[in-house]
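Fold and contact review
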Amino acid sequence: MRYSEMFLPTTKETPSDAEIASHQLMLRAGMIRKLAGGIYAYLPLGYRVIRKVENIVREEMNRAGAQEVFMPAVQPAELWMESGRWDMYGKELLRVRDRHNRDYCIGPTHEEVITALVRDEIQTYRQLPRNLYQIQTKFRDEIRPRFGIMRSREFGMKDAYSFDADEESAEESYRKMFDAYTRIFTRCGLSFRPVEADSGNIGGSFSHEFMVTADSGEDAMVHCTSCDYAANLEKAEISRPEEKAGHATEYPPMAEVHTPDVRTIEEVCAFLDVAPRDVVKTMIFTCDGEPVAVLVRGNEDINEAKLRNYLGCDSLELAMDDTILEVTGSPRGFAGPMGIKSRIIADYSLMNMKNFVVGANREDHHIKNCNIGRDFEIKDYADLRIVREGDVCPRCGKELRIVRGIEVGHVFKLGVKYSKAMNATFLDRDGKEKYMIMGCYGIGIGRTAAACIEQSHDEDGIIWPMAIAPFQVIITPVNINDENLSKIAEELYNGLVADGIEVILDDRNERPGVKFKDADLIGIPIRVTVGAKSLAEGKVEVRFRKPGEVEKIPLEEVRGFITKTIMDQLSIS
Ligand code: ATP
Ligand code: MG
């Protein structure tokens, strides 16, 4: 491609509404333009990158035995009513109505459509397993679209769905996708980590998120400093501590204290001159309509996902004031375990606490010097709190660390959730009618490209890995008015194009400085500078965007050198 003919509007200024590097650089490098909030157009440079990511994804999905389909973006409401998600999905679902007053949505995901498709076509175990995927546009009316295409409303996703006859086969399908994802993100040049993710009521560790490590990431993930345990913060486990034998009888007796208007942990600590770790927080939740008191050490926080899974409930929210009054007999701020009229569950952090403070279930009162076993009992201990930096690994006992990441992919074992709701059955070899066991597997195409920029850029611009670079080489004749230079640059360009290399010839009548700046900004991995000085020695300069090194290569060898370099960089073992 000749630069002079390209639709490639680069800018020097950093757009003020772009907060993170990938968003800023995609705008500056003329890759994307905003149409409306969370809705973007890809310009030629950006779309080339998208196509490259898609092709890597496609190749690896095909290699893993998945077959490509293409489903409609517009989906009838009836299907979503069958699965129960028409009401459950909430405002992220963009609903539309046609001229006949029929309801539809613009698909945020395709479990319903694929399940309906497969249940009508697959009848027996002989037709299983199957894995179908598509690369298609989704719409989610995100509450806070931001970071450009990283969290947009309209975005491209690869979504795959597996259908199996039994658990063993379903696990095999899952493993194949897990391996395919590992290859995909490796080929995209990303540094990533699969982390265990919350799989809701389905249980087990059958959900992994593929996280690209980046400080700008919206997600927090926990990993062990010693073994390979990694989980997202929602899922990260804490092991049950060993119970130490106590001597509670020797401790001072508990005592009620008057604590006027002292409600929060901070206020209690200041008033009684104790540390948060010596106070028990009693939080009242409403779980499917029933009140539950949840106890956690004052310096820790409840992880609602863990709580929800432990209780196995559909709806969970902090209780309203009237519920609190009903179960504790006092207004908000003074709840405690003693005499409370609800089920009590305690986080492991309460084990081994001694002489602590709790609410008295009486307005303006707390109780100090409380001890479990002596003053009240806890029957129900569970892992309910959020992991903190420095907690111990549930697998090996070494220290855990928390880092930030971007979720680029998600593999999920669905079980029979959709096949049951939508009656997708098959006839098994034992003659029985059974539900198909499903898995779903997503990759954000644009988010993957953006995550790559987050990880790979410098103050001059993007540094594309060869595999997803929009072009592999840019040839820069330093002065296009020099006929000899232009001719040599042109010959090299034609030669490389003939070799199947993706090349830009920067034939603009600009100063070399301007050309170099643009080449760095758009992040082309290899720049060949054709200048009079090197040519006097029969050479051209080959500069690698990363790490910025320059090599002088004899003109007659440069084609072979570039082709080989590119092939080397594209191959993964
Ligand atoms: P998130 O927690 O970031 O909202 P999600 O759990 O809703 O993600 P999935 O439903 O698992 O995401 O979708 C599969 C993949 O689609 C994600 O791993 C991500 O790469 C991509 N994705 C999801 N939402 C967006 C979005 N708003 N913009 C761009 N890509 C997205
Ligand atoms: Mg989401």
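Let's talk about unusual backbone geometry
What is expected of a backbone is that most residues other than glycine have negative phi and most peptide bonds are trans. The linkage connecting L128 with the following residue, P129, adopts the cis geometry, with an omega of -5 degrees. Tracing the backbone shows P129 in the loop between α5 (111–121) and β7 (130–139). The amide bond that connects K546 to the next residue, P547, takes the cis arrangement and shows omega of 5 degrees. The residue P547 is located in the loop between β30 (539–544) and β31 (550–554) in this model.

Describing the packing of helix α1 (residues 21–28) against helix α11 (residues 445–455)
As a packed pair, α1 and α11 sit with axes 8 Å apart at the nearest point and diverge in direction by 105 degrees. As the angle between them shows, α1 and α11 are arranged roughly perpendicular. Across the interface between the two elements, A21, S22, L25 and M26 from α1 touch A449, A450, I453 and E454 from α11. Of the residues belonging to the contact of α1 with α11, the class tally is 6 nonpolar, 1 polar and 1 charged.

Details of the packing of helix α12 (residues 483–498) against helix α15 (residues 558–570)
Between α12 and α15, whose axes approach to 10 Å, the crossing angle comes to 40 degrees. Here α15 runs oblique to α12, going by the angle between their axes. The interaxial crossing formed by α12 with α15 has right-handed handedness. The residues of α15 that touch α12, namely those facing L492, G495 and L496, are V558, R559, I562 and T563. Among the residues making up the contact of α12 with α15, the classes are represented as 4 nonpolar, 2 polar and 1 charged.

Section: the site of ligand 1
In the neighbourhood of ligand 1, 14 residues make up the surrounding shell, with E142, R151, S152, E407 and V408 lying closest. Within the backbone of S152, a nitrogen or oxygen atom sits 2.8 Å from a nitrogen atom of ligand 1. A distance of 3.0 Å separates an oxygen atom of ligand 1 from a polar atom in the side chain of H410. Protein contact buries 82% of the 580 Å² of open area that ligand 1 shows by itself.

What to know about α12
Taking 1.5 Å as the rise per residue, α12 with 16 residues should run 22 Å; its terminal C-alpha atoms sit 22 Å apart, in good agreement. Of all the positions in α12, only L485, I488, A489, L492, Y493, G495 and L496 are classed as buried. Seen end-on, α12 carries its buried residues on one side only, within an arc spanning 165 degrees. In α12, the exposed positions that point more than 90 degrees away from the buried face belong to E483, K487 and A498. Positive backbone phi, at 85 degrees, marks G500, one or two positions downstream of α12.

Here's the deal with the sheet that holds strand β5 (residues 94–97)
Here we have 3 strands laid out as an open sheet, ordered β4-β6-β5, and antiparallel in their pairing. Looking along the sheet, the strands with just one partner apiece sit at the ends: β4 (74–76) and β5. The sheet shows a mean angle of 40 degrees between the axes of neighbouring strands, taken without regard to direction. In the sheet, β5 pairs with strand β6 (residues 103–106) via 4 bridges, with the strands oriented antiparallel. Counted as the bridge partner of V96 is Y104 from β6.

Some thoughts on the domain arrangement of the protein
Annotation of the protein at the domain level lists domain 1 (17–195 + 413–454), domain 2 (248–382) and domain 3 (471–572). Between domain 2 and domain 3, the C-alpha centre-to-centre distance is 68 Å.

Remarks on the nonpolar core
Ranked by internal contacts, the top residues of the largest apolar core, which has 59 residues, are M31, W464 and I468. No other element matches the 7 residues that helix α2 (residues 44–63) contributes to this core. Each of two domains, domain 1 (17–195 + 413–454) and domain 3 (471–572), supplies a minimum of three residues to this core. Excluding residues that lie within four positions of it along the chain, W464 makes contacts with M31, V49, A449, C452, I453, A469, P470, I522, G523 and P525. Grouped together as the second largest cluster of nonpolar side chains are 26 residues, W86, I114, L128 and M422 included.

Here's the deal with the side chain of D364
When you line up the elements, D364 lands in the loop between β18 (356–359) and β19 (365–370). Although D364 is buried, it forms no salt bridge, and the closest oppositely charged side chain is R263 at an N-O distance of 4.9 Å. Reaching out from D364, the side chain makes a polar contact with the backbone nitrogen of D261 at a distance of 2.9 Å. Setting aside anything within four residues of it in sequence, one finds D364 in contact with V257, H258, T259, P260, D261 and F334.

Looking at the packing of aromatic side chains
Taken as a whole and judged by the stated rule, the model has 12 aromatic pairs. Between W80 and Y89, the aromatic rings sit 5.5 Å apart at their centres with planes inclined by 85 degrees, giving edge-to-face as the arrangement. Looking at Y89, the relative accessible area reads 21%, which means it is partly exposed. Ring geometry for Y181 versus F185: centroids 6.0 Å apart, planes at 90 degrees, classification edge-to-face. In this pair, Y181 and F185 are both assigned in helix α6 (residues 167–187), 4 residues apart and thus about one turn of the helix distant. Residue F185 is classed as buried on the basis of its relative accessible area, which comes to 0%. Seen from the ring of F206, K413 lies directly overhead, with NZ or CZ sitting 4.3 Å from the centre.

Examining the state of the cysteines
Under the criterion given, the structure shown has 0 disulfides. Lacking any disulfide linkage, C269 is separated from the closest cysteine sulfur, that of C370, by 14 Å. C452 carries a free sulfur, and the closest cysteine sulfur to it, the one in C188, is 7.1 Å from it.

About the criteria used
Residues numbered from 1 in each chain as written. Chains lettered and ligands numbered in written order. Predicted model: local features only at pLDDT ≥ 70, side-chain atom pairs only at ≥ 80, totals over all residues. Heavy atoms only, no water. Helix = DSSP H or I, 4+ residues; strand = E, 2+ residues; numbered from the N terminus. Axes fitted to C-alpha atoms, helices over the stretch in contact; angles between N-to-C directions. Parallel < 35°, antiparallel > 145°, perpendicular 65-115°, else oblique. Contact = heavy atoms within 4.5 Å. Nonpolar A, V, L, I, M, F, W, Y, C, P; charged D, E, K, R; others polar. Left-handed = near helix turned anticlockwise from the far one by under 90°. Near = heavy atom within 4 Å. Polar contact = N/O pair within 3.5 Å; in protein donor to acceptor, adjacent residues only side chain to side chain. Areas by Shrake-Rupley, 256 points an atom, 1.4 Å probe, with all protein chains shown as cover. Expected span 1.5 Å × (residues − 1). Buried < 20%, exposed > 50% of the residue type's maximum accessible area, 1.4 Å probe, protein only. Arc of directions from axis to C-beta. Pairing = 2+ DSSP bridges. Domains from an automatic or database assignment. Core = buried A, V, L, I, M, F, W, Y, C linked by side-chain atoms within 4.5 Å. Lys, Arg positive; Asp, Glu negative; His and termini not counted. Salt bridge = Lys/Arg side-chain N within 4 Å of Asp/Glu carboxyl O. Phe/Tyr/Trp six-rings, centres within 6.5 Å; stacked < 30°, edge-to-face > 60°. Lys NZ or Arg CZ within 6 Å of the ring centre and 35° of its normal. Disulfide = S-S within 2.5 Å.

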